Every structure is written in C-alpha cells, then in structure tokens.
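So the chains spell out like this:
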Amino acid sequence: MSHNHREAGSGGRPPSGGGASKCTTDRLVDAVQSTVVVALGYAAVHVAVKAALRTMLGKQRWDTVGKLQTEMVQKIVLMINSVLCGYAGSKAIFGSSFRNDPITPYPAWAHDAIAAFSGHTLYDMGVLMLAPQKQSPAIYVHHLAGYIAGLISMTCRKGTYFSTAIMFTELSLLPVSVMSVMDRLGVSKARPLYKNTFLIRVIMWLVTRTFAVPFILVRGLDFTRRMIKLQRASGESSNGNRAASGEPTIRECLATLKARLPTAVSGGVVCDYSLFMVLNVVWTIQLLQRFLKQNKKVARIVT
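Note that the structure is a prediction, hence the values are computed from the model and not measured.

Calculation notes
- Residues numbered from 1 in each chain as written.
- Predicted model: local features only at pLDDT ≥ 70, side-chain atom pairs only at ≥ 80, totals over all residues.
- Heavy atoms only, no water.
- Patch = residues over 30% accessible without salt bridge, like charges linked within 9 Å, V, L, I, M, F, W, Y side chains within 5 Å.
- Areas by Shrake-Rupley, 256 points an atom, 1.4 Å probe, with all protein chains shown as cover.
- Salt bridge = Lys/Arg side-chain N within 4 Å of Asp/Glu carboxyl O.
- Helix = DSSP H or I, 4+ residues; strand = E, 2+ residues; numbered from the N terminus.
- Buried < 20%, exposed > 50% of the residue type's maximum accessible area, 1.4 Å probe, protein only.
- Axes fitted to C-alpha atoms, helices over the stretch in contact; angles between N-to-C directions.
- Parallel < 35°, antiparallel > 145°, perpendicular 65-115°, else oblique.
- Contact = heavy atoms within 4.5 Å.
- Nonpolar A, V, L, I, M, F, W, Y, C, P; charged D, E, K, R; others polar.
- Core = buried A, V, L, I, M, F, W, Y, C linked by side-chain atoms within 4.5 Å.
- Phe/Tyr/Trp six-rings, centres within 6.5 Å; stacked < 30°, edge-to-face > 60°.
- Lys NZ or Arg CZ within 6 Å of the ring centre and 35° of its normal.

Student: Teacher, can you tell me more about a nonpolar patch on the surface here?
Tutor: On the surface, a cluster of nonpolar side chains totalling about 310 Å² of accessible area is made up of L28, V32, V36 and L40. By the element assignment, V36 lies in helix α1 (residues 25–57). We classify V36 as partly exposed; its relative accessible area is 37%.

Student: Help me understand the pattern of salt bridges, please; the structure alone is not making it clear to me.
Tutor: Here the idea is simple: oppositely charged side chains can pair when their charged atoms come close. Using the criterion set out here, one finds 8 salt bridges in the structure. The shortest N-O distance in the salt bridge between K229 and E247 comes to 3.5 Å. Here K229 is found in helix α9 (residues 212–233), whereas its partner E247 is found in the loop between α9 and α10 (250–260), with 18 residues between them in sequence. On the basis of relative accessibility, which here comes to 47%, the residue E247 falls in the partly exposed class. Among the charged side chains, a salt-bridge network with shared partners connects D222, R225, R226, K229 and E247.

Student: Looking at this model, I keep getting lost on the packing of helix α3 (residues 69–94) against α9. Mind explaining?
Tutor: A pair of packed helices can be characterised by two numbers: the angle between their axes and the separation between those axes. Put simply, α3 and α9 touch, their axes get as near as 10 Å, and they point 40° apart. Relative to α9, the element α3 lies oblique. Residue-level inspection shows A92, I93 and F94 of α3 in contact with α9, the latter providing F215, I216, R219 and F223. Taken together, the residues of the contact of α3 with α9 break down into 6 nonpolar, no polar and 1 charged.

Student: It is not clear to me how the nonpolar core should be interpreted in this structure. Could you clarify?
Tutor: Buried together is how nonpolar side chains tend to be arranged in soluble globular proteins. Ranked by size, the top nonpolar core spans 36 residues in total, and within it W109, Y161, M167, I216 and Y273 carry the most contacts. If you list the elements that add at least two residues to this core, you get α3, α4 (108–130), α5 (137–156), α6 (160–165), α9 and α11 (263–294). The element that contributes the greatest number of residues to this core is α4, accounting for 6 residues. Excluding its chain neighbours within four sequence positions, the residues that come into contact with Y273 are F162, I166, V213, I216, L217 and G268. With 13 residues, the next largest nonpolar core counts L53, W62, M72 and V73 among its residues.

Student: Can you help me understand the packing of aromatic side chains in this one?
Tutor: Any aromatic ring pair is given by two values, namely how distant the centres are and how the planes are angled relative to each other. Applying the stated criterion across every chain yields a total of 9 aromatic pairs. Seen in terms of ring centroids, Y161 and F223 are 5.3 Å apart; in terms of plane orientation they differ by 75°. Their pairing is edge-to-face. Taken as a pair, Y161 in helix α6 and F223 in helix α9 lie far apart in primary sequence, 62 residues in all. Across this residue pair, the class does not change: Y161 and F223 are buried. Measuring from ring centre to ring centre gives 6.5 Å for W205 and W283, while their planes differ by 75°; the resulting arrangement is edge-to-face. With a gap of 78 residues between them, W205 in helix α8 (residues 192–210) and W283 in helix α11 connect regions that are remote in the sequence. The pair formed by W205 and W283 is uniform in burial state, with each residue classed as buried. Linked through ring pairs, F98, W109, Y161, F162, F223 and Y273 together constitute an aromatic cluster. The aromatic ring of W205 is capped on one face by R209, whose charged end is 4.5 Å from the ring centroid.

It is worth stressing that arrangement in space is one thing and function is another; only the former is reported here.
Below you can see the structure in the form of structure tokens.
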C-alpha cells in the first residue's frame with residue numbers, strides 16, 4: 001500500500017499553504033492502487049480460510065455445504081473486516097484525532113483504514129457477483145457508494161472524520177456473519193444458541209447502525225463547534241473576517257463545513273450518509289419483521 005499520505009505534517013495535519021488539501025489525479029491513482037492491493041489481499045485470505053474450513057470440517061461435511069461454500073467463507077472474511085473497521089470508527093468517534101477539527105487532520109491510520117475498508121468493498125462486490133445466489137440491487141448500490149466515498153476521501157483528504165467514523169457501523173455485521181455461518185452449517189433456528197445470536201444481532205444493529213449514524217453526524221457537528229470556538233479564542237475566522245463571539249450555532253457549524261470542505265467531499269458526505277440512512281431504515285424494518293416472525297413470544301408482547 002502506498003504511503004504518500006505521510007507528506008502531512010506532525011499529527012497528520014497537512015502543511016499550511018493549501019497544497020495538501022487539493023484533490024489530485026496522483027492521489028486518485030494512489031487510492032485506486034491501494035484499494036486494489038487490499039482487495040487482492042482479502043482474496044488471498046478468502047482462499048486461506050476456504051482451505052482451513054475444508055480441513056476442519058472434513059471433505060464430506062464441507063461438500064454438504066455445496067454452492068454456499070463461497071458465501072460462508074465470505075462471511076468469515078467479513079468478520080475480520082468488521083473488527084478492523086469497528087476499531088477505526090471507534091477511534092474516529094471517541095479518540096482525539098478529530099476532536100478539535102473534523103476537517104483538516106489526515107492521520108496515517110485513517111488513510112490505511114479507508115484503504116482497507118474500500119479494498120474489502122471491492123473484494124466483496126467481486127464475491128457477490130460470482131456467487132450463485134441472486135443479490136439485491138440495494139447491496140450493490142450501498143457497496144458502490146461506499147467505495148466511491150472512500151476514493152474521494154483518500155484523494156481530497158479533507159473531512160476524514162466522516163469517512164472513518166461511519167466505519168463503526170460495520171460492527172453490526174459481526175452477528176450477521178455468525179448467523180450466516182450457522183445457517184450454512186445447518187444449525188437449527190430453534191436452538192437457543194441461534195435465537196440468542198439473533199437477539200444480539202438486533203441489539204447490535206440498532207446500537208451500531210440505526211442509532212449510530214445520527215450520533216456520528218451530531219458528534220461531527222460538536223467537533224466543528226469546538227474548532228470554531230478555538231478559532232475565536234485565537235482571533236481567527238474561517239472566512240477571513242473578524243471572529244465572532246459567543247457559542248457557535250448549528251447553522252454556523254454547517255456553514256463552516258460547507259465552506260471548508262471540497263465540494264466533492266461535502267456532496268459525498270451528504271449523498272452517502274443520506275443513502276445510508278434510508279437503506280438503514282429499510283433494513284431495520286426488515287430485520288425486526290424477521291426477528292418478530294421467528295420469536296412469536298416477543299411479537300405477542302410487542303403487539
């Protein structure tokens with residue numbers, strides 16, 4: 001993976017003068033190359049996991065999985081990516097990298113995290129296209145939007161908080177992957193292990209996805225508010241005028257983000273987050289319907 005992003009100064013902050021904030025063709029090429037390398041790496045992990053599973057389960061049981069072998073391996077690889085992305089997202093939301101500025105910093109760990117996420121997205125799209133099962137078009141729309149957003153972030157290197165914080169939602173896919181593996185191995189849905197895993201899936205989905213996305217946006221506005229307050233304390237202003245006083249308003253925070261983020265980044269954040277929240281509503285409804293259908297006792301209590 002290329003590391004040209006380390007042209008930034010200490011703390012991942014681009015040097016003054018604006019050169020480090022330009023969206024350049026060289027950076028786009030570097031981003032594409034980095035994600036392709038990661039995708040090939042995940043493909044190699046896929047092959048290794050497949051060989052390990054066949055050894056662990058034995059040829060006879062492995063053969064019974066049949067056409068679902070590829071999907072089963074894909075879910076295990078997804079678990080690895082979910083943990084890595086969840087860690088990066090947590091670091092963005094609760095760490096110190098963007099606490100006083102969600103726009104300018106571009107730390108090395110964020111570059112690598114975005115490359116890893118985008119590379120896995122490429123790998124996953126390839127697996128889905130080769131899988132015998134028909135996939136929902138929404139999955140491809142979601143993947144493609146995420147990949148394009150990753151390339152924009154790695155190219156423009158502004159507003160990196162929004163690109164990395166959203167990775168926290170990948171933690172919701174851990175129990176999804178576990179249930180999928182159980183299904184492929186023929187674990188009965190009536191078993192307590194399966195039911196408890198389903199409950200964990202619903203809880204994690206609501207916490208790390210349905211409710212997390214609005215929280216990530218609110219957190220980003222709070223980081224922007226802190227940045228404006230620090231600028232005011234030093235007499236600076238993002239628009240070149242004399243710094244105002246008082247507590248920054250939400251409107252001022254939004255205006256600052258719009259003014260200081262490249263159009264490709266601000267537009268990407270709006271489109272990607274909006275699409276993600278719409279899909280999350282749809283997927284959350286589908287998940288809850290399925291959960292209530294399989295857990296009739298809970299359904300009776302709810303209704």
